[in-house]
There are 4 protein chains.
Amino acid sequence: MCRWLGYSGSPVLLSRALYTPAHSLIDQSLHSTLGAEPTNGDGFGIGWYDEQPEPGVFHSIEPAWNDQNLRELAGHITSGLFFAHIRAAIGSAVQQTNCHPFRHGRWLFMHNGYVAELATVKRDLILAVDESLYPEIKGQADTEILFYLALTFGLEDDPPDAVARTIGLVEEVGHRKGVQYPFQGTIAISDGGRIWAFRYSSEGKSRSLFLTKDVPTLRNLYPEREILHEVSADARLVVSEPMGDLPGAWNEVPESSYGVVGHGDDQLRPFEVKPPAAAIAV
Amino acid sequence: MCRWLGYSGSPVLLSRALYTPAHSLIDQSLHSTLGAEPTNGDGFGIGWYDEQPEPGVFHSIEPAWNDQNLRELAGHITSGLFFAHIRAAIGSAVQQTNCHPFRHGRWLFMHNGYVAELATVKRDLILAVDESLYPEIKGQADTEILFYLALTFGLEDDPPDAVARTIGLVEEVGHRKGVQYPFQGTIAISDGGRIWAFRYSSEGKSRSLFLTKDVPTLRNLYPEREILHEVSADARLVVSEPMGDLPGAWNEVPESSYGVVGHGDDQLRPFEVKPPAAAIAV
Amino acid sequence: MCRWLGYSGSPVLLSRALYTPAHSLIDQSLHSTLGAEPTNGDGFGIGWYDEQPEPGVFHSIEPAWNDQNLRELAGHITSGLFFAHIRAAIGSAVQQTNCHPFRHGRWLFMHNGYVAELATVKRDLILAVDESLYPEIKGQADTEILFYLALTFGLEDDPPDAVARTIGLVEEVGHRKGVQYPFQGTIAISDGGRIWAFRYSSEGKSRSLFLTKDVPTLRNLYPEREILHEVSADARLVVSEPMGDLPGAWNEVPESSYGVVGHGDDQLRPFEVKPPAAAIAV
Amino acid sequence: MCRWLGYSGSPVLLSRALYTPAHSLIDQSLHSTLGAEPTNGDGFGIGWYDEQPEPGVFHSIEPAWNDQNLRELAGHITSGLFFAHIRAAIGSAVQQTNCHPFRHGRWLFMHNGYVAELATVKRDLILAVDESLYPEIKGQADTEILFYLALTFGLEDDPPDAVARTIGLVEEVGHRKGVQYPFQGTIAISDGGRIWAFRYSSEGKSRSLFLTKDVPTLRNLYPEREILHEVSADARLVVSEPMGDLPGAWNEVPESSYGVVGHGDDQLRPFEVKPPAAAIAV
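Being a predicted model, the structure only gives us computed values, none of them experimental.

> Whenever I open this one, the interface of chain A and chain D confuses me. Can you help?
Accessible area lost upon the coming together of the parts serves often as the stated size of an interface. Contact residues are listed per partner, giving 19 residues for chain A and 19 residues for chain D. A buried area of about 1,500 Å², summed over both sides, lies between chain A and chain D, and 46% of it is on carbon and sulfur atoms. The three residues of chain A that bury the most area against chain D are N69, E72 and H76 of chain A, which together make up 38% of that side's buried surface. A salt bridge links E72 of chain D to R103 of chain A; the shortest N-O distance between them is 2.6 Å. Where chain A meets chain D, there are 12 residue pairs in polar contact (both at pLDDT 80 or more). For the side of chain A that touches chain D, the secondary structure elements donating two or more residues are β3 (56-60) and α3 (68-74) of chain A. In terms of residues, the side of chain A that touches chain D owes the most to one element, β3 of chain A, which gives 4 residues.

> In this structure, what is going on with the packing of helix α4 (residues 118-128) of chain D against helix α5 (residues 142-152) of chain D? I would like to understand it.
Angle between the axes and distance between the axes: these two values describe a pair of packed helices. All names here are of chain D. Put simply, α4 and α5 touch, their axes get as near as 10 Å, and they point 30° apart. Between α4 and α5, the crossing angle belongs to the class labelled roughly parallel. The handedness of the crossing between α4 and α5 comes out as left-handed. Every residue of α5 that contacts α4 at L118, K122, L125, I126 and A128 is listed here: D142, I145, L149 and T152. Residue classes in the contact of α4 with α5 are distributed as 6 nonpolar, 1 polar and 2 charged.

> Explanation requested: the side chain of N40 of chain A in the structure shown.
All names here are of chain A. Inspection of the secondary structure puts N40 in the loop between α2 (25-31) and β2 (44-48). Residue classification places N40 among the buried positions, given a relative accessible area of 1%. In terms of polar contacts, N40 uses its side chain to reach the backbone carbonyl oxygen of Q28, at 3.4 Å.

> Just checking my understanding: could you explain the environment of Q180 of chain D for this structure?
All names here are of chain D. With respect to the helices and strands, Q180 occurs in the loop between α6 (159-176) and β7 (183-190). Along the primary structure Q180 and I90 are separated by 90 residues, whereas in three dimensions their C-alpha atoms are 18 Å apart. Looking at Q180, its side chain comes within polar contact range of the side chain of Y181, at 3.4 Å.

> What exactly am I supposed to notice about the relation of the copies chain C and chain B here?
Put simply, the second copy of the chain is the first one after a rotation about an axis and a shift along it. Relative to chain B, chain C is turned by 180° and slid 0.0 Å along the rotation axis, the superposed coordinates differing by an RMSD of 0.0 Å. Viewed as a symmetry operation, the transformation between the two copies matches a two-fold axis. Judged by C-alpha distance, I77 of chain C is the residue of chain C that lies nearest the rotation axis, at 4.0 Å. The share of interface residues of chain C whose copies in chain B are also at the interface is 100%, consistent with both copies meeting through the same surface.

> I'm lost on the pairing of strand β13 (residues 267-270) of chain C in this one. Help?
Consecutive residues of a regular strand have side chains that alternate between opposite faces of the sheet. Residues and elements named next belong to chain C. With 4 bridges joining them, strand β12 (residues 257-261) and β13 adopt antiparallel strand pairing. Note on β13: the bridge partner recorded for V260 is Q267. In this structure, the hairpin formed by β12 and β13 is closed by a connection of 5 residues, where G262 is found at a positive phi of approximately 120°.

Here is what the cut-offs are and how they apply
Residues numbered from 1 in each chain as written. Chains lettered and ligands numbered in written order. Predicted model: local features only at pLDDT ≥ 70, side-chain atom pairs only at ≥ 80, totals over all residues. Heavy atoms only, no water. Contact = heavy atoms within 4.5 Å. Buried area = accessible area lost by both parts, 1.4 Å probe. Salt bridge = Lys/Arg side-chain N within 4 Å of Asp/Glu carboxyl O. Polar contact = N/O pair within 3.5 Å; in protein donor to acceptor, adjacent residues only side chain to side chain. Helix = DSSP H or I, 4+ residues; strand = E, 2+ residues; numbered from the N terminus. Axes fitted to C-alpha atoms, helices over the stretch in contact; angles between N-to-C directions. Parallel < 35°, antiparallel > 145°, perpendicular 65-115°, else oblique. Left-handed = near helix turned anticlockwise from the far one by under 90°. Nonpolar A, V, L, I, M, F, W, Y, C, P; charged D, E, K, R; others polar. Buried < 20%, exposed > 50% of the residue type's maximum accessible area, 1.4 Å probe, protein only. Least-squares fit on C-alpha atoms with pLDDT ≥ 70 in both. Pairing = 2+ DSSP bridges.

Right, here's the structure in full:
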């Protein structure tokens, strides 16, 4: 129900990724073609890494397409790893504390999709969040709960394992409460060095997820494109919906898999959910 | 570029007109089918008459589809004559002072369309506003200027004449500055007793405008519809885009004409622009 | 940390209570003299009863002193029982879902004060909320938790008992977690018929709370004041800080007591907290 | 009616100037001691120069004291010349287009004070703005008009002359319309290289204005203060109200004078208004 973008590579102005391309993310806020809804106007957020200890985040409840502050910031903030997210709310309020990306220390987390029948499963999920992390939850969005569950399950040590256990819990609780397909979506996570991007749904019909091909390949395909010579050879975009006007620039991430980009060490791997070993005691 | 609705009849909850119908105005804020854009998410406003000396207005910069306050107010405010407007901004900022309907004393004014090349003609138009009215202009929207021009030209005495002279001035200034089609749109005006609704464009291809047929006719067509028995026989909706699921309920207002509803004395008349008698001295 | 007002009596325009009096609630949003802070600029809310099944609520994150919509609504909404609240946030975000009054069915609830060290006790309090009510919690404010605890403890049957048990639980959990004075504040509750107003703090130094004297007494004191003849003989204001310029118009509600107004059956009673019979099993 | 700050020197995080000092600007948004009002809660803005062709600006209608985005940005944006402004509105709406600093090309402009009886003089002032600049005016604040008048009068070539002529016009129009003291305030202007700061009022009782002493002097006074060794020897703060806890750190700018800082070429000069040579023909 949302659209998002992650960039890793040599530092660029955020506007180069957010506004410049054809069918850019900001354009998708009004006219998404692959999203569940064409309009993603229920707030947005950006998160970016720089030389500070923690990434910066900027959240707004305005539609991205007419937010003058976002335009200004994107034209002045340069980063080598950043996230951007435009929201189409389903149920939860349009307020900054529900805007992605969410942050904890060095970590950013964003999501396109949903926890099905959240009202039914929310209490059990919240109870599984580590007590020391619980007071940090500020909003009411399903994604924030997913983030704090993943942190509870060791996100900072092993992101794929923590996400697998998080979705495993969501499915276990959901199925116990009679929810047919408890999880849907794509998730992006970063620690400032790499981006992990997951594609999974309980139904096996997941929201879309795309990665740019490697820059040397793209330079061969489009030698006249300046942007491809400005960015480093290891630059990558991960997106919920392709943008730009370069056919052949994108690889779709397959169902039930995840990609890792950054540090020149890109990977694409199968993703398997890990159900809780034992029932969660409530 | 916007969508709007005006109601005149026996008092009803605003929500009956704004939320209840199929393809309601609030639904049109996300999914307009006849508008220039499907999305009208750049703020909204309502204006309603009650027993107070002046109508109330409520303006918001949130998209109407997720504004909780609008939902509350529409479920608690009852009125026998009200306006509602959802905005798709073109150029001017998303701020409450640019939201329709605009108010002056007993009068409300709203608009769907634009003054073409506003930056080119704005100064000349502003100069034509009566000096005593000038300080009341609070925003930067073309519609507010149209309203204060119409007040300058005698809106409170003869609305059709004042609108004809207003658009006449817009066309004269526009043509002088090289604008091919200076005015486009539909305008709704009320003094709390009647609604005047205008359809006109310099190009002769105006934004759409519709009036409900009279209630007795509709009751014959749809005898089982409760709402048609709740409202008075003289109730009318004027809209920029039909809503509801009653085929045959709407009459399109023809090009270059205006309708008047209220006081049981409905009219449909041709509309002719009145150019300024002499050039405006600047 | 906030200021609030409750009115019960013959229907009046909200502006008569919110804007007209000297040192009005809106004035207190900038210049409170008895509050913990002079400024209460972190959003506000109103709630009012009319002929609809549920009271209306309007929440805003703007400071009340410059909110044009509040001014409009207060000038057009008439009610015989309404609440208004201006917020000075401590810790939780300035967002509509944290604004008072909170609503559940026919019930409104607002508060001036705090649950001490909320982060420490929040999880245990949330766990005590009835599972069926839990999904309704939308914000992160301590007051909303108090409200849902009170609903869990039978607010709709016996408000003083439910509030006594709610604060009893807050104190029990707080003391168990090493919080010296777990609760502070005044609380106002209504079902549309009566207003219950509580004054209590664990420390025994509670936020202020005042009730107007009965109208016949005030008419004797100030026979020339029109407003006293406009409102009914049983009209009452309950406030966290006196307003107006009528010395002798207010009775302070004593420490550890509560008042009930409405239905011509006003009461002032001692308030005693009820600790949980047994420890809450977590 | 507002408070502001300008910094010029070696690049620092904005938070070092906005949040860190005792009685910081953000603290002054709630508790100004020298301002006309203690509260400056009607929005705020920052403007900063970096390697981009134009300075960045960020405007918000939230009170600065609780704006999470401002806190984030100030913790991530580094600049060697920046402005910050907190607003206490008098009359004009709280909207982003009324927030300082205003920008035109490389220039930033902000103001604490007012044009007296703006409604009376506004039309004549607007008419004096160059026709080519007129369409750029987006808000309704007196300060924005002052800025565009100054640009009309050659701000980009000679700031002190342009400001002298701007205030000269304001006084001429005001006096002609019967306004006793047409102008009040302090103004800060920058082109990214230097800051010009003006203190003037028609009454001769101007809003306060202060400049930090030179850094070497401050280092002698407070050798243990780290910040004084972090910033360059030519660093300066210009403020409407002193902050920090370093007695002796500030020089008050005298009545009817202006200071220039930057490029190691600081000046303090008398300021004289320049009345229009001839009456403005309207």
